[in-house]
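Descriptive analysis of the structure
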Amino acid sequence: MPRLSAITPSGPAHLGNYLGAIRRWAREGRPGDLYFVSDLHGMTTSYHPQRLRHRSRELLALLVAAGIEPDQIFVQSDLLPQLGPLTWVLECTCSFGEAARMTQFKEKSAARELAETPVRVGLFTYPVLMAADILLQGADEVPVGDDQAQHVELARSLARRFNTTFGDALVVPRAVTPPAAARVKDLSDPTRKMAKSTPDAAGVLFVMDEPDLLRRKVKRAVTDSFDRLEYHPDEQPGLANLLEIVAACTGKPAREVADAFGSYGELKDTVADLVIEELRPIRERTGELLADPPELDRIRRQGAERATERGADRLSTVLRLAGVG
Ligand code: ATP
Ligand code: MG
């Protein structure tokens, strides 16, 4: 049974996405596992259509460049003909109260109301679309962080409810916690994690950044006022973040890494070198794929065909049991 993971094109992929997710998918994934670019989830708040399309394409290329097998990858919107009906069936299985309990919706909608920005219905219903993503592919394990665990629980409840109400059609998925990975922090504010959607990119190392730019960003990273080069994530988060990046690139524990450096300057040079070399092959291969649209289109089409085949029988069973279609 497949394990399903996704990445949303809410911004260009960064070092945290690469070390914390994409590189692991490529290295530790199992042959049947599935990965998708969740472009439909990138529409729940205001967005720019051309940018969304470009970023989806870039992410698809990046997943392939990172070494994930192309037949394990697809783009979510290519499954719209199947996801549409399944989402509707699941919306008619989900209670309003259940959806309204989603912590992420409560937080995100409260923040938008404060900013007097309209809250889209899509932001409210997207966990149901996420349930459709999971249930359509028959995934039984969904590796997620704490922020998404509640959404997988919802998918689980909806699958169970559908099966008991209408008949067995859906695999009941469960959330699995991926082994702890370094959380890469923003270089200009190491108290928050590096994120795609951060408006100020100065502290974010993007996978597609040129080496010179990566080096400049690392050089400007916030460090701490202490002199000692020791690993103390609470007292010296800026330094700890740089040490963790070295650790993730070299495979050595962060605590040991600190001993190798005499100054911040030296450490930053090494961080820049390591990050540049870690990302170089991925950036170059991604660039090659983006420069070859027919090849990328072919990969995308094949991924879409496989994912569509995987879900076809399940969807027709669901529709038949639900009394429609
Ligand atoms: P957004 O700002 O839109 O939430 P994001 O950068 O947080 O974007 P997600 O799409 O939420 O990225 O997450 C994609 C994957 O990357 C997830 O598996 C997540 O755990 C991982 N990830 C995201 N940010 C980091 C980070 N700073 N360090 C390590 N892993 C990360
Ligand atoms: Mg995130």
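Values in this document were obtained by computation on a predicted structure and should not be read as measured data.

1. Description of the sheet that holds strand E1 (residues 4–7)
As summarised here, the arrangement of the three strands in space is E1-E2-E3, forming an open sheet in which the pairing is parallel. Looking along the sheet, the strands with just one partner apiece sit at the ends: E1 and strand E3 (73–75). Direction aside, neighbouring strands of the sheet carry axes that sit 25° apart on average. Pairing geometry for E1 and strand E2 (residues 34–37), over four bridges, is parallel. Its bridge partner lying in E2, Ile7 is registered against Val37. Lying on the sheet, helix H1 (residues 15–28) is in contact with E1 and E2; it crosses E1 at an angle near 140°.

2. A short note on the environment of Leu290
The residue Leu290 is located in helix H11 (residues 264–290) in this model. Owing to a relative accessible area of 25%, Leu290 belongs among the partly exposed residues under this scheme. Residues Leu290 and Thr308 lie 18 residues apart in sequence; the distance between their C-alpha atoms is 24 Å. Apart from the residues within four sequence positions on either side, Leu290 is in contact with Arg57, Glu58, Ala61 and Leu296.

3. What to know about the environment of Arg53
Residue position: Arg53 is located in helix H2 (residues 49–65). Expressed as a C-alpha distance, the spacing of Arg53 and Ala100, which sit 47 residues apart in the sequence, is 30 Å.

4. Details of the domain arrangement of the chain
We note that the domain assignment places domain 1 (4–181 + 293–322) and domain 2 (201–287) within the chain. Counting from both sides, the interface comprises 13 residues of domain 1 and, opposite them, 14 residues of domain 2. A combined buried area of about 1,200 Å² lies between domain 1 and domain 2, and 75% of that area is made up of carbon and sulfur atoms. Three residues, Leu15, Tyr18 and Ala65, lead the burial of domain 1 against domain 2; their summed loss comes to 42% of the area buried on that side. Taken together, domain 1 and domain 2 are joined by one salt bridge. In this structure, Arg23 engages Glu278 in a salt bridge whose closest nitrogen and oxygen atoms are separated by 3.2 Å. For the interface between domain 1 and domain 2, the tally reads four residue pairs in polar contact (both at pLDDT 80 or more). Elements represented by at least two residues in the side of domain 1 that touches domain 2 include exactly H1 and H2. Of all the elements, H1 adds the most residues to the side of domain 1 that touches domain 2, at five residues.

5. Some words on the pattern of salt bridges
By the definition in use, this model includes 19 salt bridges. Ionic pairing is found between Arg215 and Asp273, a salt bridge with its closest N-O pair at 2.8 Å. Of this pair, Arg215 sits in helix H8 (residues 211–219) while Asp273 sits in helix H11; the two residues are 58 residues apart in sequence, bridging distant segments of the chain. The exposure class of Arg215 is partly exposed, given its relative accessible area of 30%.

6. Comments concerning helix H12 (residues 293–321)
Residue pairs spaced three or four apart in an α-helix point in one direction, given the helix's 3.6 residues per turn. With 29 residues, H12 extends 41 Å between its outermost C-alpha atoms, agreeing within 8% with the 42 Å of an ideal straight helix rising 1.5 Å per residue. Ala312 marks the point of greatest bend in H12, at about 40°. Among the residues making up H12, those that are buried are Leu296, Ile299, Arg300, Gly303, Ala304, Ala307, Gly311, Leu315, Val318 and Leu319. Looking at the buried positions of H12, the neighbouring elements they touch are H2, E3, helix H3 (80–91), helix H6 (121–137), helix H7 (146–166) and H11. Residue Gly323 follows H12 closely and has a positive phi angle near 85°.

How each quantity is defined
Residues numbered from 1 in each chain as written. Chains lettered and ligands numbered in written order. Predicted model: local features only at pLDDT ≥ 70, side-chain atom pairs only at ≥ 80, totals over all residues. Heavy atoms only, no water. Pairing = 2+ DSSP bridges. Helix = DSSP H or I, 4+ residues; strand = E, 2+ residues; numbered from the N terminus. Axes fitted to C-alpha atoms, helices over the stretch in contact; angles between N-to-C directions. Contact = heavy atoms within 4.5 Å. Buried < 20%, exposed > 50% of the residue type's maximum accessible area, 1.4 Å probe, protein only. Domains from an automatic or database assignment. Buried area = accessible area lost by both parts, 1.4 Å probe. Salt bridge = Lys/Arg side-chain N within 4 Å of Asp/Glu carboxyl O. Polar contact = N/O pair within 3.5 Å; in protein donor to acceptor, adjacent residues only side chain to side chain. Expected span 1.5 Å × (residues − 1). Bend = angle between axes of the 7 residues up to and from the residue.

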